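Listed here are the chains, written in short residue letters.
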Amino acid sequence: MSKDGICLNIGCGLDAPEGWVNIDSSPSLKLSKIPIANTLLLSILRSPDWPQSVKFGDLVKGLKIADSSCDLVFASHILEHLPLSDFSAALENIHSYLKTGGVLRIIVPDLEKCIATYTTRKQDKAWSAKAAHEFMNESCLGRTETRNSLYKRLVEVFSNSRHQWMWDEPSLLDALAQQGFKNIRQRDYGEWSDQRFEAVEKQDRHWNAICMEATK
């Protein structure tokens, strides 16, 4: 595979390294791109200061990326924010963007590790009463505050911080295989099949997470 294709960073947040096409689907990013957007609204919603190079794009609906144009696709802690049906659509789109031999590298929370942490804490007298609360909080499956205000509902709409589906190694491997990906293997931080991944990956994103690489 030649290294002259696109390196696509999906769900980049505020990390927008050079040499990558950095895309995020945050509603606040979309709002910030509108010239007449109300800056007061952005302030109320505590919108971050998005780098100008970050482009808005919805992976489920499809990005403005040509088929078979990407060398690499990276998605760190983004796919777990999608419902299962949307995850399948997103994976199908990623597969279409990659060149033959192109590499997908994804990081998602590892359900097995989260459960193991919960189980260990539950057996510890100092932690047992808090174990369930910590699991719900760290897995981003629960909500600690009320939604009974317009402000809270707006923040929820514009943040999309909650997780919609959780994965472990067998389920993620199967999903990738069903989409037609090959050479699927679990990876640790620093185990990059292509050194260009180093520019987008953060070691702290591996805590209680699973990282997989696969090729088209």
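Look above for the structure.
Since this is a predicted model, take the numbers as computed values, not measurements.

(A) Region of the structure containing the side chain of arginine 121. Along the chain, the position of arginine 121 falls in helix α4 (residues 111-122). Take arginine 121: its relative accessible area is 15%, and that puts it in the buried class. Within polar-contact distance, the side chain of arginine 121 engages the side chain of glutamate 138 at 3.1 Å. Not counting chain neighbours up to four residues away, the residues in contact with arginine 121 comprise Trp127, Ser128, Ala131, Glu134 and Glu138.

(B) Molecular detail of the sheet that holds strand β1 (residues 6-10). Read across the sheet, seven strands follow the order β3-β2-β1-β4-β5-β7-β6 without closing on themselves; strand pairing throughout is mixed. On the outer flanks of this sheet lie β3 (55-56) and β6 (182-187), each paired with one strand and no other. Pairing between β1 and strand β2 (residues 21-24): three bridges, direction parallel. Bridging across to β2, asparagine 9 finds its partner in asparagine 22.

(C) How the structure looks around the environment of lysine 113. Among the structural elements, lysine 113 can be located in helix α4. Engagement of the side chain of lysine 113 in a polar contact is seen with the backbone oxygen of alanine 209, the distance being 2.7 Å.

(D) Here's a closer look at empty space enclosed by the protein. Inspection of every chain in the model, using the stated rule, returns one cavity of 30 Å³ or more. Roughly 40 Å³ of internal volume is contained in the largest cavity. Together, Cys114, Thr117, Tyr118, Arg121, Ala131, Glu134, Phe135, Glu138, Ser139 and Asn208 line the largest cavity. Contributing elements (two or more residues each) for the lining of the largest cavity: α4 and α5 (131-138). For the lining of the largest cavity, the class distribution of residues is four nonpolar, three polar and three charged.

(E) Inspection of the packing of α4 against α5 at higher detail. Direction vectors running N to C along α4 and α5 enclose 160°, while the axes themselves pass 9 Å from each other. Relative to α5, the element α4 is oriented roughly antiparallel. Handedness of the α4/α5 crossing: right-handed. Packed against α4, whose contacting residues are Cys114, Ile115, Tyr118, Arg121 and Lys122, the element α5 presents Ala131, Ala132, Glu134, Phe135 and Glu138 at the interface. Broken down by class, the residue content of the contact of α4 with α5 amounts to six nonpolar, no polar and four charged.

(F) The arrangement of the environment of valine 200 in detail. Among the secondary structure elements, valine 200 is positioned in the loop between β6 and β7 (209-215). Its relative accessible area of 8% is what places valine 200 among the buried residues. Placed 184 residues apart in sequence, valine 200 and alanine 16 show a C-alpha to C-alpha distance of 7.8 Å. With sequence-adjacent residues up to four places away left out, valine 200 is seen in contact with Asn9, Pro17, Trp20 and Phe74.

Rules and cut-offs
Residues numbered from 1 in each chain as written. Predicted model: local features only at pLDDT ≥ 70, side-chain atom pairs only at ≥ 80, totals over all residues. Heavy atoms only, no water. Helix = DSSP H or I, 4+ residues; strand = E, 2+ residues; numbered from the N terminus. Buried < 20%, exposed > 50% of the residue type's maximum accessible area, 1.4 Å probe, protein only. Polar contact = N/O pair within 3.5 Å; in protein donor to acceptor, adjacent residues only side chain to side chain. Contact = heavy atoms within 4.5 Å. Pairing = 2+ DSSP bridges. 1 Å grid on protein atoms, 1.4 Å probe; cavity = no way out; pocket = protein on both sides within 12 Å on 5 of 7 lines; lining within 4 Å. Points joined across faces, edges and corners; volume = space filled by probe spheres on them. Nonpolar A, V, L, I, M, F, W, Y, C, P; charged D, E, K, R; others polar. Axes fitted to C-alpha atoms, helices over the stretch in contact; angles between N-to-C directions. Parallel < 35°, antiparallel > 145°, perpendicular 65-115°, else oblique. Left-handed = near helix turned anticlockwise from the far one by under 90°.

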